[in-house]
Amino acid sequence: MGLSPPIMWKEGRIFTLDRGPGRSVYGESIIVVNGNSYREWVPWRSKLSALIKKTDMTFPGKGNILYLGAAQGTTVSHISDIMEEGTIYAVEFSETAFRKLTYLARERNNIVPILEDAFHPERFKMVVPPVDILYQDVSQKEQLKLFLLNLRTFLKRGGLGILMLKSRSVDVTARPADIYREVSTGLKENNLDIEVFIELDPFSVDHAAFVVKRK
Ligand SMILES: C[S@@+](CC[C@H](N)C(=O)[O-])C[C@H]1O[C@@H](n2cnc3c(N)ncnc32)[C@H](O)[C@@H]1O
């Protein structure tokens, strides 16, 4: 990538160096800096952008990633921009979203789209190697259970787990703070150190991000 950083901050906005054909993926703006195209990483559209904006966290540019709940690939497209080495294994079970994800994957060389239910890792275990990062963003009741299942199956020791939790999907009647406390306890009981916990409001209301490390 030479001297062009894969992630760039400009006037409080985040941009990623475009590895695609120079087109906007979801309506984000594109700017050109020193002859390179950068796509705006919109925190209102991507929880990972919101996490980085709120914490200034760095995202590794190398390694294999298992991404659960890829949808059409909004966030996947930016991770694809950032990754200088490694592959994103992007799992999605909605056929409509998956079709758009495959268009994105055709234009980039580091995305493997997988049409599967993330609750069945045994169905994609033959395709996905042990990974350095597990990323989950699914609106399901059993988000913690799903995260732990895939973490045990795929995440290397010392690897990073990022759980984007939608509290209303766990229990629409509960207070988000109570759900975050329960999930936090569940992660610790499973021997995971929580490196970052942050609520994603105002970008994603009633969502929080947990970043853990597998020992
Ligand atoms: C909030 S959207 C994901 C947005 C996406 N992560 C992004 O930032 O671009 C949640 C997605 O998870 C998918 N999903 C929910 N349950 C799933 C499961 N069990 N297996 C695979 N995908 C699932 C949904 O179809 C939906 O596309």
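Structure first, text after, so check above.
My aim in this report is to walk through the structure given alongside it, one point at a time. (Residues numbered from 1 in each chain as written. Predicted model: local features only at pLDDT ≥ 70, side-chain atom pairs only at ≥ 80, totals over all residues. Heavy atoms only, no water.)

Remarks on the site of the ligand
Moving on, step 1. With respect to spatial proximity, 18 residues lie near the ligand, and among them Tyr67, Gly69, Thr75, Glu92 and Gln140 are the closest.
Moving on, step 2. Side-chain polar atom of Tyr67 to a nitrogen atom of the ligand: 2.6 Å apart, as the coordinates give it.
Moving on, step 3. Asp117 is positioned such that a nitrogen or oxygen atom in its side chain is 2.9 Å from a nitrogen atom of the ligand.
Moving on, step 4. For the shell around the ligand, the residue count by class is seven nonpolar, six polar and five charged. (Near = heavy atom within 4 Å. Polar contact = N/O pair within 3.5 Å; in protein donor to acceptor, adjacent residues only side chain to side chain. Nonpolar A, V, L, I, M, F, W, Y, C, P; charged D, E, K, R; others polar.)

As for the nonpolar core
Moving on, step 1. In this structure, Leu48, Leu51, Phe59 and Ile162 are the most contacted members of the largest nonpolar core, which totals 35 residues.
Moving on, step 2. Ranked by size, the runner-up nonpolar core spans 30 residues in total, among them Phe124, Val131, Phe154 and Leu187. (Core = buried A, V, L, I, M, F, W, Y, C linked by side-chain atoms within 4.5 Å. Buried < 20%, exposed > 50% of the residue type's maximum accessible area, 1.4 Å probe, protein only.)

A look at the sheet that holds strand S7 (residues 111–115)
Moving on, step 1. Here we have seven strands laid out as an open sheet, ordered S7-S6-S5-S8-S9-S11-S10, and mixed in their pairing. Sheet topology places S7 and strand S10 (192–199) at the edges, where each strand pairs with a single neighbour. Sheet twist, expressed as the average angle between the axes of neighbouring strands with direction ignored, equals 15°.
Moving on, step 2. Relative to strand S11 (residues 207–214), S10 is paired through seven bridges, and the arrangement is antiparallel. Among the inter-strand pairings, Asp193 is bridged to a residue of S11, identified as Lys213.
Moving on, step 3. Seen against the sheet, helix H4 (residues 143–154) touches strand S5 (65–68), strand S8 (131–136), strand S9 (155–166), S10 and S11 and runs at an angle of roughly 165° to S9. (Pairing = 2+ DSSP bridges. Helix = DSSP H or I, 4+ residues; strand = E, 2+ residues; numbered from the N terminus. Axes fitted to C-alpha atoms, helices over the stretch in contact; angles between N-to-C directions. Contact = heavy atoms within 4.5 Å.)

A look at the sheet that holds strand S4 (residues 36–40)
Moving on, step 1. Spatially, the four strands line up as an open sheet ordered S1-S2-S4-S3, and their pairing is antiparallel. Every other strand in the sheet has two partners, leaving strand S1 (7–10) and strand S3 (30–33) as the edge strands with one partner each. Neighbour-to-neighbour, the strand axes of this sheet turn through a mean angle of 35°, independent of strand direction.
Moving on, step 2. In terms of strand pairing, S3 meets S4 through four bridges, oriented antiparallel. Of the residues in S4, the one forming a bridge with Ile30 is Arg39.

Details of the packing of aromatic side chains
Moving on, step 1. Scanning the entire structure with this criterion turns up five aromatic pairs.
Moving on, step 2. Measuring from ring centre to ring centre gives 4.9 Å for Phe197 and Phe210, while their planes differ by 45°; the resulting arrangement is tilted. Linking Phe197 in strand S10 with Phe210 in strand S11, this pair joins segments that are 13 residues apart in sequence.
Moving on, step 3. Judged by its relative accessible area of 1%, Phe210 is buried.
Moving on, step 4. Linked through ring pairs, Tyr180, Phe197 and Phe210 together constitute an aromatic cluster. (Phe/Tyr/Trp six-rings, centres within 6.5 Å; stacked < 30°, edge-to-face > 60°.)

Considering helix H6 (residues 176–189)
Moving on, step 1. Compared with the 20 Å implied by 1.5 Å per residue over 14 residues, the 20 Å span of H6 between its first and last C-alpha is a close match.
Moving on, step 2. Looking at the buried positions of H6, the neighbouring elements they touch are H4, S9, helix H5 (167–170), S10 and S11.
Moving on, step 3. Following H6 by one or two positions, Asn191 has its phi on the positive side, about 65°. (Expected span 1.5 Å × (residues − 1).)

A look at the side chain of Arg214
Moving on, step 1. Along the chain, Arg214 falls in strand S11.
Moving on, step 2. In this structure Arg214 is buried but unpaired, with Asp193 as the nearest side chain of opposite charge at 12 Å.
Moving on, step 3. Here the side chain of Arg214 touches Leu151 through a polar contact of 3.3 Å, landing on its backbone oxygen.
Moving on, step 4. Apart from residues lying up to four places away in sequence, Arg214 is in contact with Leu151, Arg152, Leu155, Lys156, Arg157, Gly158, Gly159 and Leu192. (Lys, Arg positive; Asp, Glu negative; His and termini not counted. Salt bridge = Lys/Arg side-chain N within 4 Å of Asp/Glu carboxyl O.)

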